[in-house]
Amino acid sequence: MDIRTISTGTHGRYLVGIPEQSRGTLVGFHGYQENAAIMFDVLKRVAEGRAIGIVSVQGLHRFYTRSNDVVASWMTREDRDHAVADNVAYVANVLTAIADEDGITRPLIYAGFSQGVAMAYRAAALAQRPCDGVIALAGDVPPDIAPLASSLPRVLIGRGTEDKWYDDEKAGKDRSVLQQAGVNVTEHVFTGGHLWAPEFVAQAGQFIDERLLS
């Protein structure tokens with residue numbers, strides 16, 4: 001049996017909220033079994049009170065939950081290299097569309113949660129658009145980006161003390177990879193698990209404020 005792959009076109013969904021007087025752009029990538037709407041609500045909390053546009057990009061691989069909600073995933077280990085290339089091209093196309101239709105005001109900041117953290121790092125390193133920060137909550141630096149870490153902007157890492165998927169050991173490895181590459185890294189640890197804790201939402205907002213003022 002031969003295993004073969006073929007390239008094909010598909011449509012992706014992204015949600016946009018850009019105020020007229022936008023002074024920056026925040027692009028978010030949701031976690032596994034979430035969707036763009038869930039991440040959009042989180043981005044609104046992070047951006048509250050700030051004149052910054054928000055864009056929530058949904059993973060291309062949609063499926064139903066047991067409660068019949070439509071959610072998505074960014075990839076699996078199967079045909080991983082092809083999926084990485086597809087996702088990077090997809091995000092680049094979304095950014096081009098936003099730039100053409102609404103404009104992308106800098107600072108441009110990428111935010112990812114859980115599985116979406118890898119996409120935030122990939123967008124920063126591979127989407128071929130200058131960016132100013134990465135907010136990475138509960139997810140690690142993907143192995144394909146580690147060799148390119150020196151190209152990353154300032155990074156805010158977040159994790160909960162009770163997070164079983166992204167613990168201190170994994171965060172420590174990420175800090176080492178990023179710092180050795182010369183990346184300015186800040187880590188925020190909060191009491192809680194694998195979620196957007198209010199404390200980290202506030203920290204992410206402060207991170208954005210610092211980029212807006214720089």
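Here, every reference points to the structure presented above.
Residues numbered from 1 in each chain as written. Predicted model: local features only at pLDDT ≥ 70, side-chain atom pairs only at ≥ 80, totals over all residues. Heavy atoms only, no water.

**Student:** I would appreciate a short explanation of helix H3 (residues 115-126) in the present structure.
**Tutor:** Note: α-helices contain 3.6 residues per turn, so residues at a spacing of three or four share the same orientation. Taking 1.5 Å per residue as the helical rise, H3 with its 12 residues ought to reach 16 Å, and the 17 Å between its terminal C-alpha atoms agrees with that figure. Buried residues dominate H3, accounting for 9 of its 12 residues. Of the residues making up H3, those classed as buried are Gly116, Val117, Ala118, Met119, Ala120, Tyr121, Arg122, Ala123 and Ala124. Packing partners of the buried residues in H3 comprise strand E2 (25-29), helix H2 (80-101), strand E6 (108-113), strand E7 (133-137), strand E8 (155-160) and helix H4 (168-180). Positive backbone phi, at 55 degrees, marks Gln128, one or two positions downstream of H3. (Helix = DSSP H or I, 4+ residues; strand = E, 2+ residues; numbered from the N terminus. Expected span 1.5 Å × (residues − 1). Buried < 20%, exposed > 50% of the residue type's maximum accessible area, 1.4 Å probe, protein only. Contact = heavy atoms within 4.5 Å.)

**Student:** Got a minute to help me understand unusual backbone geometry in this structure?
**Tutor:** Negative phi values dominate among residues other than glycine, just as trans dominates among peptide bonds. Along the chain, Arg106 connects to Pro107 via a cis peptide bond; the corresponding omega equals 15 degrees. Structurally, Pro107 is set in the loop between H2 and E6. Backbone geometry places Asp79, a non-glycine residue, at a positive phi of 50 degrees. Relative to the assigned elements, Asp79 resides in the loop between strand E5 (70-73) and H2. According to the relative accessible area criterion, Asp79 is partly exposed, its value standing at 39%. Despite not being glycine, Gln128 has its phi angle at roughly 55 degrees, a positive value. Along the polypeptide, Gln128 turns up in the loop between H3 and E7.

**Student:** Teacher, can you tell me more about the packing of aromatic side chains here?
**Tutor:** Any two aromatic rings considered together are summarised by their centre-to-centre distance and by the angle between their planes. For the coordinates displayed, the defined rule picks out 7 aromatic pairs. Arranged with centres 5.7 Å apart and planes meeting at 65 degrees, the rings of Phe29 and Trp74 form a pair that is edge-to-face. Of the two residues, Phe29 sits in strand E2 while Trp74 sits in the loop between E5 and H2, which places them 45 residues apart along the sequence. Trp74 matches Phe29 in its accessibility class, with the two residues each being buried. Pairing Trp196 with Phe200 gives two aromatic rings, centres 5.7 Å apart and planes at 50 degrees, and the pair type is tilted. Note on accessibility: Trp196 and Phe200 belong to one class, buried. By the ring-pair criterion, three or more aromatic residues cluster together here, those being Phe29, Trp74, Tyr90 and Tyr110. The side chain of Arg211 reaches across the aromatic face of Phe207, ending 4.7 Å from its centre. (Phe/Tyr/Trp six-rings, centres within 6.5 Å; stacked < 30°, edge-to-face > 60°. Lys NZ or Arg CZ within 6 Å of the ring centre and 35° of its normal.)

**Student:** Explain the packing of H2 against H3 here, please?
**Tutor:** Each pair of packed helices can be described by the angle between their axes along with the distance between the axes. Running from N to C, H2 and H3 point in directions that differ by 65 degrees, and their axes come no closer than 10 Å. Taken together, the axes of H2 and H3 are roughly perpendicular relative to one another. In the packing of H2 onto H3, the handedness of the crossing is right-handed. Note on element contacts: H3 touches H2 through Met119, Arg122, Ala123 and Leu126, opposite Arg80, Val84, Asn87, Val88 and Val91. The class makeup of the residues in the contact of H2 with H3 is 6 nonpolar, 1 polar and 2 charged. (Axes fitted to C-alpha atoms, helices over the stretch in contact; angles between N-to-C directions. Parallel < 35°, antiparallel > 145°, perpendicular 65-115°, else oblique. Left-handed = near helix turned anticlockwise from the far one by under 90°. Nonpolar A, V, L, I, M, F, W, Y, C, P; charged D, E, K, R; others polar.)

**Student:** What exactly am I supposed to notice about the sheet that holds strand E3 (residues 53-57) here?
**Tutor:** Sheets are built from strands that pair by backbone hydrogen bonding, the pairs being arranged parallel or antiparallel. Spatially, the 7 strands line up as an open sheet ordered E1-E3-E2-E6-E7-E8-E9, and their pairing is mixed. Bordering the open sheet on either side are strand E1 (14-17) and strand E9 (185-190), each of which pairs with just one other strand. Averaged over all pairs of adjacent strands, the angle between their axes in this sheet comes to 15 degrees, without regard to strand direction. Where E1 and E3 come together, 4 bridges link them in antiparallel fashion. Note on E3: the bridge partner recorded for Val16 is Val55. Most of the contacts of H2 go to E1, to which it runs at about 30 degrees, and overall it touches E1, E2, E3 and E6. (Pairing = 2+ DSSP bridges.)

**Student:** What is the right way to look at the pairing of strand E4 (residues 61-64) in this model?
**Tutor:** As paired strands, E4 and E5 are joined by 4 bridges and run antiparallel to one another. Paired with Tyr64 across the bridge in E5 is Val70. Counting the residues that bridge the hairpin from E4 to E5 gives 5 residues, and of these Asn68 lies at a positive phi of roughly 75 degrees.

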